[in-house]
Amino acid sequence: DAWAACVARRCLSFLGRYRRGIVQSSFGFDLRPAERVLPRSVCVCCLQQNRTFTSRNRPEGKVLEPVGVFEVPKQQGKYETGQLFLHSVFGYRGIVLFPWQARLYDRDVASPVSEKVDTSVAHGSKEVKGKTHTYYQVLIDARDCPHISQRSQTEAVTFLANHDDSRALYAIPGLDYVSHEDILPYNSADQLPIQHELFERFLSYDQTKVPPFLARETLCAWQEKNHPWLELSDVHRETTENIRVTVIPFYMGMREAQNSHVYWWRYCIRLENLATEVVQLRERHWRIFSLSGTLETVRGRGVVGREPVLSKEQPAFQYSSHVSLQASSGHMWGTFRFERPDGSHFDVRIPPFSLESNKDEKTPPSGLHW
């Protein structure tokens, strides 16, 4: 057999050439007679000829457990509710709840003339066209959260609290938004393959279906009721000196405070090192423009209290933060300052993105009421 390991991440275009095999979680694989190319974030090493694989990142004393049968990723179409997968960048196990169609504004590539190009926006002097792209709302397996804590905040969906305190937030942990190309699908005979407090509330098992995990009425009702606050509409991407920044803003709702309206947004940011040189994020510099006419500047060390290192072994970091305006819309843009091993610094652009409210939506978000 020919065994391949430790190859670059995002090799989905090559996966269709390889036969099906048994795949373990992001922290270990047991591939039965099969040829497989795996993304860099889930690198494995072959031990002799006994076809036993182990992760180089596996903590001492931990036992690898098989989790399912790998499937060929979809190059066309979308994954359905109940699809099990590994995340190709962060390596966690997850399950698809429902898909979203987003507009991807990629400043790194010229948008081809296509019927899928649905809108365009001007950011500075550069026109960027939005192209339809599929993302998914997913549940993250709680068992993998400790292993990805240095690469991600273990994403959560944040809501405004249902009372008068306009600054009070609550979050449902272990909910992420995943791009179609980050999905490495697999199937499992386990009726509870994902450990998450919402798994059994949202999904039921039916062995006659493919995939066998179906949306319960609870999930459908939750999505319908919270659609404005869950919806992913725009994604912005830009690369500077091999550091790619992806931003996804989410409108969270409006609250009244001291006879004025306060509008809230969450934004999720992923930083990816596309080169081999080790770099570390040191500072952030934000400019926040409000429709009310104010322009705010924010500077600080790191992000969310951390100064992540991006290397060949750990190329990506993801986090979320929040912003509030006393206007129904605005814009944000800025830079991240990175440090190289020799002590020199360089600035990475954060692509400009709009903060837009759902003005016609009057019902407040309700994340934890069933």
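These notes cover the structure that comes with them. (Residues numbered from 1 in each chain as written. Predicted model: local features only at pLDDT ≥ 70, side-chain atom pairs only at ≥ 80, totals over all residues. Heavy atoms only, no water.)

Re the nonpolar core
Just so we agree on the cut-off: What we call a nonpolar core is a set of buried Ala, Val, Leu, Ile, Met, Phe, Trp, Tyr and Cys residues that are connected through their side-chain atoms within 4.5 Å. We call a residue buried when its accessible area falls under 20% of the maximum for its residue type, exposed when it is over 50%, and partly exposed in between, using a 1.4 Å probe and counting protein chains only.
Residues Trp222, Leu232, Ile269, Trp286, Phe336 and Phe338 are the most contacted members of the largest nonpolar core, which totals 62 residues. Listed in part, the 14 residues of the second largest apolar core include Tyr92, Val96, Val178 and Ile183.

Points about the packing of aromatic side chains
What counts is decided by this rule: Side-chain rings of Phe, Tyr and Trp, where Trp is taken by its six-membered ring, are said to pair if the distance between their centres is within 6.5 Å; with planes under 30 degrees apart they count as stacked, over 60 as edge-to-face, and otherwise as tilted. Strands are runs of DSSP state E lasting at least two residues, helices are runs of H or I lasting at least four, and both sets are numbered from the N terminus onward.
Following the criterion strictly, the structure yields 16 aromatic pairs and no others. Between Tyr79 and Tyr136, the ring centres sit 5.9 Å apart and the planes meet at 55 degrees, which makes this aromatic pair tilted. Separated by 57 residues along the polypeptide, Tyr79 in the loop between strand 4 (66-70) and strand 5 (84-87) and Tyr136 in strand 8 (residues 126-140) bring together distant segments of the chain. Its relative accessible area of 0% is what places Tyr136 among the buried residues. Aromatic side chains Tyr251 and Trp265 sit 5.6 Å apart centroid to centroid with 55 degrees between the ring planes, which places their arrangement in the tilted category. Taken together, the residues span a long stretch of sequence, with Tyr251 in strand 16 (residues 243-257) and Trp265 in strand 17 (residues 260-273) at a distance of 14 residues. Judged by its relative accessible area of 8%, Tyr251 is buried.

Section: a nonpolar patch on the surface
Heads up, the rule is: Every patch collects residues that have over 30% relative accessible area and no salt bridge, joining them within 9 Å if they carry like charges and within 5 Å if they are nonpolar side chains (Val, Leu, Ile, Met, Phe, Trp, Tyr). Only the protein chains shown count as cover for residues, and all accessible areas are computed by the Shrake-Rupley method using a 1.4 Å probe. Each reported salt bridge corresponds to a side-chain nitrogen of Lys or Arg within 4 Å of a carboxyl oxygen of Asp or Glu.
On the surface, a cluster of nonpolar side chains totalling about 250 Å² of accessible area is made up of Phe289, Leu295 and Trp333. Tracing the backbone through its elements, the reader meets Trp333 in strand 22 (residues 329-339).

A closer look at the environment of Asp141
Counted only if it meets this: Residues are treated as being in contact if the distance between any of their heavy atoms lies within 4.5 Å. For the purposes of these results, a polar contact is taken to be a pair of N or O atoms within 3.5 Å, where, inside protein, one atom must be able to donate a hydrogen and its partner to accept one; residues adjacent in sequence count only when each atom of the pair is a side-chain atom.
Relative to the assigned elements, Asp141 resides in the loop between strand 8 and helix 2 (145-148). In this structure Asp141 comes out as buried when scored by relative accessible area, which is 0%. Along the primary structure Asp141 and Gly174 are separated by 33 residues, whereas in three dimensions their C-alpha atoms are 7.3 Å apart. Once residues within four sequence positions are removed from consideration, Asp141 is found in contact with Arg93, Pro193, Ile194 and Gln195. At a separation of 2.6 Å, a polar atom in the side chain of Asp141 contacts the side chain of Arg143. Side-chain polar atoms of Asp141 contact the backbone nitrogen of Gln195, separated by 3.4 Å.

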